[in-house]
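Chain by chain, the residues run as shown.
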Amino acid sequence: MTTKNIIYLFTALLITVTLLFVLSNYFTYKNALTAYEDSMKLHALGIALTLEPTLSDILNRERNIFAEIIKEGRWEGIAYIALYTSEGLTIKHSNENLINKKIDDDLIKKALKSGEPVNGYLILGTGENVFVLNLPTFVEKSHVVLRVALHRYPFENILRQARFQALSSAVVVIILWITGFFFIKALKQSEALSKAIEERQRLALLGEISSRLAHEIRNPLGSIKGFAQLILEEIKKLTSHSQDLEEYSKIIIKEAKRLESLTDDLLQYSRIKESKPETFDLKDLILECVNNIKANINLKKVDFRLSNIDSLFIETDYNKLKQVLINLIYNSIESIDERGFVEINYSQKNRLVEISISDNGCGMDEETLKNAFRPFFTTKAQGTGLGLAIVENLLKAIGGTIKLQSKAKEGTTVKITIPKNL
Ligand SMILES: Nc1ncnc2c1ncn2[C@@H]1O[C@H](COP(=O)(O)OP(=O)(O)OP(=O)(O)O)[C@@H](O)[C@H]1O
Ligand SMILES: [Mg+2]
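Residues numbered from 1 in each chain as written. Chains lettered and ligands numbered in written order. Predicted model: local features only at pLDDT ≥ 70, side-chain atom pairs only at ≥ 80, totals over all residues. Heavy atoms only, no water.

Undergrad: Got a minute to help me understand the sheet that holds strand β1 (residues 78-85) in this structure?
TA: Each strand in a sheet pairs with another by means of backbone hydrogen bonds, the pair being arranged parallel or else antiparallel. Spatially, β2-β1-β5-β4-β3 is the arrangement adopted by the 5 strands of the open sheet, whose pairing is antiparallel. Each end of this open sheet is capped by a strand with a single partner; those strands are β2 (90-93) and β3 (118-123). Ignoring strand direction, the axes of neighbouring strands in this sheet form an average angle of 25°. As defined by bridge partners, β3 adjoins strand β4 (residues 129-139) across 6 bridges and the pair is classed as antiparallel. Opposite Gly 120, over in β4, you have Val 132 as the bridge partner. Along the sheet face, helix α3 (residues 65-72) touches β1, β2 and β5 (142-150) and points at about 165° away from the line of β1. Taken strand by strand, helix α4 (residues 106-114) contacts β1, β3, β4 and β5, and its axis lies near 170° from that of β3. (Pairing = 2+ DSSP bridges. Helix = DSSP H or I, 4+ residues; strand = E, 2+ residues; numbered from the N terminus. Axes fitted to C-alpha atoms, helices over the stretch in contact; angles between N-to-C directions. Contact = heavy atoms within 4.5 Å.)

Undergrad: Teacher, can you tell me more about the nonpolar core here?
TA: Counting 48 residues, the largest nonpolar core has Leu 282, Leu 321 and Ile 416 as the members making the most contacts within it. Top element by residues in this core is helix α8 (residues 318-335). It accounts for 8 residues. Residue assignment places this core across two domains, with domain 2 (159-269) and domain 3 (275-419) each supplying three or more. With residues near it in sequence (within four places) discarded, Leu 321 still touches Phe 280, Leu 282, Leu 285, Ile 314, Thr 316, Ile 355, Ile 398, Ile 416 and Ile 418. In this structure, Leu 51, Leu 55, Ile 65 and Ala 162 belong to the second largest nonpolar core, which totals 27 residues. (Core = buried A, V, L, I, M, F, W, Y, C linked by side-chain atoms within 4.5 Å. Buried < 20%, exposed > 50% of the residue type's maximum accessible area, 1.4 Å probe, protein only. Domains from an automatic or database assignment.)

Undergrad: Mind showing me how you'd approach the sheet that holds strand β12 (residues 411-419) here?
TA: The strand order across the open sheet formed by 5 strands is β7-β9-β10-β12-β11, and the pairing between neighbours is mixed. Only two strands of the sheet have a single partner each, and these edge strands are β7 (302-305) and β11 (401-407). For this sheet, the mean angle separating the axes of adjacent strands, direction not counted, is 15°. In this sheet, β12 lies alongside β11 in antiparallel orientation, the contact comprising 7 bridges. When the sheet's bridge partners are listed, Lys 407 is paired in β12 with Gly 411. The strands touched by helix α7 (residues 282-296) within the sheet are β7, β9 (340-349) and β10 (352-359), with β9 carrying the most contacts at an inclination of about 160°. The sheet strands contacting helix α10 (residues 387-397) are β11 and β12, and the helix crosses β11 at an angle near 145°.

Keep in mind that these numbers describe shape and distance, not what the molecule does.
Structural data, given as structure tokens:
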């Protein structure tokens, strides 16, 4: 099974577990809510039905029996008890101050109309939300409503349990997701690591094959080039020689030289020599690289910008850094089609030296940028695609790093960082 499939499966599992938790808690909470309301209803109804037969007696007494019941604490959780006429006039109330007040209450009207007990919630003057049960009944031949109001908190235990269960489930789900997140992250990291190891092994094998092949090709190639040169000289000595033969010999020599430079690159890529640190001025090295390149190819199209560089003495492998710079400068020159510039700068940061080589050439698209360091990756007809792979290896040998910044059609900046003292 691939890592991707494991991640999909694991995520699906997490989502399923989460959904199951959510559903189970939803139903548990819903049931708890019903049980909570039922328990208040039963309690209030019990009180109301117990009081109902004694209502006419209560009505005729001077004493406030309702207030006494609450005070005695015969039943738990009563907020108030009241008796209303069908017009909403309060004829008895556990709170003396509210007797003879008229109220307009839908629950009372509903209870009278249906002839059944009606319950609901009300907000008291104190701001407390209470449960009320309204029992319609007859007292002395007139319709009345007996109301029992209950505080909710004594009954909230059932709800508290359900809430606690929901909270614990939420914590479990969060822990599962966090564990899942780290598991997936670790899985991805281990996959990336094994890919990197595979790639390294592949490159090592490639290097080994390249170096063997280069070795095998070098000797016969030397003979081919040498004999072609001899043939060319012999042809030139003939007074009436064929122009074609001379041209063919030149082509053999040119192509042999090209192959020779390829084998040089291959050997260089696979075998980086030991570093020999020496102290030199970076400015001199850069000027030497630029002058070497200028001497080798016709560079009318390129404007070298080197005005910002000052002397900076560093201690590293001179030849390796020179090869790095030459490769990078060549890449910049080759990216310029008609006219353009190559700018070289450097600066020192603590014990590191950062050298940047910028150009306004063709730049790289995302695909090229991703593959630029792969051996044999090239977008050029005459390129071997080993330049940046060699640069990377050389920099590794002198403790350096390289970063490419590039935008297609705009240009490229290559930044290398090396220790000032190797
Ligand atoms: N400065 C640059 N501007 C635009 N593209 C670049 C630049 N440097 C590198 N590239 C891209 O990266 C590819 C790989 O570069 P690399 O130097 O490894 O090989 P190459 O230049 O193609 O061939 P070689 O250097 O072996 O002759 C190039 O073919 C090119 O597409
Ligand atoms: Mg190159």
